[in-house]
Amino acid sequence: MTLAPIPFLSLLFGGSIVAGALGALVGVGGGIIIVPLLTLLGVDVRLALGASLISVIATSSGAAAAYVQDRLTNLRVAIFLEMFTSTGALSGAVIQGFASTRVLSFVFAGILLLSGVGMLLRGPAAKGQVGKPDPWAKRLRMEGEFHDRATGRDVPYQVSHLALGSGLMFVAGNVSGLLGIGSGALKVPAMDLALGMPIKASSATSDFMIGVTAAASAGIYFARGQIQPAIAAPVALGVLLGSLVGTRLLGRLKSGWVRGVFIAVLCAMAAQMVLHGLFAGSA
Amino acid sequence: MSGGAERLREGLRGTPLPRPAPTAPGHSPNLEVALGQTLRWGTVIVGALLAVALALALVDGGWANGWTHAVAPSPGSPPFAHLGHFWERLIDLEPDAVGIFALLVLLVLPPARVLLAAGIFFEEGDHRYLAFSLITLAIVLASNLLGIFVLHR
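Residues numbered from 1 in each chain as written. Chains lettered and ligands numbered in written order. Predicted model: local features only at pLDDT ≥ 70, side-chain atom pairs only at ≥ 80, totals over all residues. Heavy atoms only, no water.

*Asks:* What is the right way to look at the overall build of chain B in this model?
*Replies:* Tallying secondary structure elements over chain B gives six helices and zero strands in all. Secondary structure of chain B in N-to-C order comes out as α-α-α-α-α-α. Out of the 153 residues belonging to chain B, those deemed buried represent 40%. For chain B, the proportion of contacts with a sequence separation of at least 24, taken over those separated by at least 6, is 52%. (Helix = DSSP H or I, 4+ residues; strand = E, 2+ residues; numbered from the N terminus. Buried < 20%, exposed > 50% of the residue type's maximum accessible area, 1.4 Å probe, protein only. Contact = heavy atoms within 4.5 Å.)

Here it is, written out as structure tokens:
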């Protein structure tokens, strides 16, 4: 698809606002929508990955501000797991330099479908598992507590399966560096299902982490010339505005409806990435 | 209003007032507010800079090539290739320079976030988490330095 500058910019900006709003509604960065959108508009997939990475940092900064102040974010869990996601992001960004456009497109489609399945499995009523606290997590004082405004109750929780969670975070970081996304769609289910954290604490902690993970590989993207201001700046601005809209809409929309729309969007985007991989050549 | 008066009002109204989140382990309220505010204002500044860059580009027309996607990734692109001229271009309000400056400020926010978290753990005297924060910071910085000085050559 080849468009004149103004229609292209309008679609780019509008699509980024939608991606930011949807991302904020379901607790992911929005990069998972930005990359397929940009490739649909004819942008080189490597530039799309760079713009997506920037948008993840922007969304994370905006969302994390509110969640840290509300004390929903578990800083201990975030800082501990960030060691694994950052290492994973570094290796993913290095590997990405050797992967072809076709391979990147197919891997991205696979991650989109995996995220959709993860979101289906989570279900609207996922509350985190009340498991036996991990001895290491106990020693590192990772247990937390937050005030749930929806129920008016304080929610204490323990952290379990720390080793499994750390391994999953390395994989999520690797995917983030490889594909220029925040991997929130992988991190949140990992914290929810493996570590047994309540969903609100998982989403808030993931929002804190995705920006740091993305920043670990951003220098590599920048140096490779994959972050072009003409693409990255309007995307970052649109996603920022969209995430503001999304956080305001969150209380008004039914979570099941939002989740259903997001899964449908993920499936459509996966199909678009498969088509892109099939017809993009192997460059 | 004192805590007792608040509880009294709560009792009279029959509805519980929203309580502040408990100060659980890992929470240092003052520093967390500082961290939240830094993130908030950093994001506002970046958003404003991006809006300025976009407005300048629309007036200038300099990003039209990018918007017709006639650009491809080019290793060593600004600011690394033309660092000497970068500040002059920024003062001249060239859209590229303003855009790159905004993106660089954005890239500084996550490491700043980890540094502030390290401050929280330092204040608590929790040296294990202080070490974890510094390790994360070292990985992020090493990764970026690796990208800037090694991988693009």
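There is more to say, and it comes next.
*Asks:* Whenever I open this one, helix α4 (residues 75-96) of chain A confuses me. Can you help?
*Replies:* The α-helix advances 3.6 residues per turn, and as a result positions three or four apart in sequence lie on the same side. All names here are of chain A. The end-to-end C-alpha separation of α4 is 30 Å, in line with the 32 Å expected for 22 residues at 1.5 Å each. Of all the bends in α4, the largest measures some 35° and sits at E82. With 16 of 22 residues buried, α4 lies mostly within the body of the structure. (Expected span 1.5 Å × (residues − 1). Bend = angle between axes of the 7 residues up to and from the residue.)

*Asks:* Even after reading the chapter, I still don't get the pattern of salt bridges, so can you show me in this structure?
*Replies:* If charged atoms from side chains of opposite charge come close, those side chains can pair. Per the counting criterion, the structure on display carries five salt bridges over all chains. A salt bridge links D126 of chain B to R141 of chain A; the shortest N-O distance between them is 3.8 Å. You can see D126 of chain B sitting in the loop between α5 (95-124) and α6 (127-151) and its partner R141 of chain A sitting in the loop between α6 (135-139) and β1 (144-148), one on each of two chains. One salt-bridge network, in which partners are shared between bridges, spans R76 and R141 of chain A together with E124, D126 and R128 of chain B. (Salt bridge = Lys/Arg side-chain N within 4 Å of Asp/Glu carboxyl O.)

*Asks:* Honestly, helix α3 (residues 45-69) of chain A in this entry has me stumped. Any pointers?
*Replies:* Residues and elements named next belong to chain A. Along its 25 residues, α3 runs 36 Å from first to last C-alpha, staying within 8% of the 36 Å computed at 1.5 Å per residue. Taking the largest bend as the criterion, α3 deviates by roughly 25°, centred on A63. Buried residues dominate α3, accounting for 22 of its 25 residues. The positive-phi residue at the C-terminal boundary of α3 is R71, with phi of around 60°.

*Asks:* What is the right way to look at the pairing of β1 of chain A in this model?
*Replies:* Successive side chains on a regular strand alternate, one facing one side of the sheet and the next facing the other. All names here are of chain A. Here β1 lies mainly inside the structure; four of its five residues are buried. The pairing of β1 with strand β2 (residues 153-157) spans five bridges and is antiparallel. Of the residues in β2, the one forming a bridge with H147 is D154. (Pairing = 2+ DSSP bridges.)

*Asks:* Could you clarify how one ought to interpret the packing of aromatic side chains in this entry?
*Replies:* Two numbers describe a pair of aromatic rings. These are the distance of the centres and the angle of the planes. On inspection of all chains with the given rule, the structure shows six aromatic pairs over all chains. Summarising the aromatic geometry, the rings of W87 of chain B and F101 of chain B are spaced 6.3 Å apart at their centres and angled 70° between planes, so their arrangement reads as edge-to-face. Of the two residues, W87 of chain B is situated in helix α4 (residues 83-91) and F101 of chain B in helix α5; the sequence distance between them amounts to 14 residues. Using a relative accessible area of 27% as the deciding quantity, one classes F101 of chain B as partly exposed. Following the ring pairs from residue to residue traces out a cluster consisting of F80 and F84 of chain A together with F121, Y129 and F132 of chain B. Here R113 of chain B stacks its cationic end above the ring of F208 of chain A, 5.4 Å away from the centre of that ring. (Phe/Tyr/Trp six-rings, centres within 6.5 Å; stacked < 30°, edge-to-face > 60°. Lys NZ or Arg CZ within 6 Å of the ring centre and 35° of its normal.)

*Asks:* Even after reading the chapter, I still don't get the side chain of S86 of chain A, so can you show me in this structure?
*Replies:* Here S86 of chain A shows up in helix α4. Residue classification places S86 of chain A among the buried residues on the basis of a relative accessible area of 0%. When residues no more than four places from it in sequence are discounted, the contact partners of S86 of chain A are V212 and A216 of chain A together with T136, I139 and V140 of chain B.

*Asks:* What's the story with the confidence of the model for chain A in this structure? I'm lost.
*Replies:* Interpreting fine coordinate detail is not advised for predicted regions of low pLDDT. Taken residue by residue, chain A gives an average pLDDT of 79. The fraction at 70 or more is 86%. For chain A, the element scoring lowest by mean pLDDT is helix α11 (residues 255-279) of chain A, at 72; α4 of chain A scores highest, at 88. (pLDDT = per-residue confidence, 0-100.)

*Asks:* What's the story with a nonpolar patch on the surface in this structure? I'm lost.
*Replies:* Among the surface-exposed residues, F106, V274, L275 and L278 of chain A lie close enough to one another that they form a single nonpolar patch of about 330 Å² accessible area. For L275 of chain A, the location among the structural elements is in helix α11. (Patch = residues over 30% accessible without salt bridge, like charges linked within 9 Å, V, L, I, M, F, W, Y side chains within 5 Å. Areas by Shrake-Rupley, 256 points an atom, 1.4 Å probe, with all protein chains shown as cover.)

*Asks:* What should I look at first to understand the interface of chain A and chain B in this one?
*Replies:* Accessible area lost when the parts come together is the quantity often used to give the size of an interface. Each partner contributes residues to the interface: chain A has 72 residues there, and chain B has 70 residues. Between chain A and chain B, roughly 6000 Å² of surface is buried when both sides are summed, and carbon and sulfur atoms account for 72% of that area. Three residues, R71, R76 and F222 of chain A, lead the burial of chain A against chain B; their summed loss comes to 13% of the area buried on that side. Linking chain A to chain B there are three salt bridges. Where chain A touches chain B, the interface holds nine residue pairs in polar contact (both at pLDDT 80 or more). Put simply, the parts of the chain that give the side of chain A that touches chain B at least two residues each are α1 (5-26), α3, α4, β1, α9 (199-223) and α10 (229-249) of chain A. When the residues that make up the side of chain A that touches chain B are grouped by side-chain class, the tally is 43 nonpolar, 16 polar and 13 charged. (Buried area = accessible area lost by both parts, 1.4 Å probe. Polar contact = N/O pair within 3.5 Å; in protein donor to acceptor, adjacent residues only side chain to side chain. Nonpolar A, V, L, I, M, F, W, Y, C, P; charged D, E, K, R; others polar.)

*Asks:* I tried to follow the nonpolar core on my own but got confused; where do I start?
*Replies:* Note on soluble globular proteins: their nonpolar side chains tend to be buried together. Counting 118 residues, the largest nonpolar core has L38, F80, F108 and M142 of chain A as its most contacted members. At 15 residues, α3 of chain A tops the list of elements feeding residues into this core. Sequence-distant contacts of F80 of chain A, that is, excluding residues within four places in its chain, are made with L140, M142, L162 and S166 of chain A together with Y129 and F132 of chain B. (Core = buried A, V, L, I, M, F, W, Y, C linked by side-chain atoms within 4.5 Å.)

*Asks:* Honestly, the environment of E143 of chain A in this entry has me stumped. Any pointers?
*Replies:* Residue and element names in this part refer to chain A. Looking at the secondary structure, you find E143 in the loop between α6 and β1. Given a relative accessible area of 23%, E143 falls into the partly exposed group. Along the backbone, E143 and P156 are 13 residues apart, and their C-alpha atoms lie at a distance of 7.7 Å.

*Asks:* Hey, could you run me through the environment of F222 of chain A in this one?
*Replies:* Mapped onto the fold, F222 of chain A is located in helix α9. Taking the C-alpha atoms as reference points, F222 of chain A and V274 of chain A, 52 residues apart in sequence, are found 26 Å from one another.

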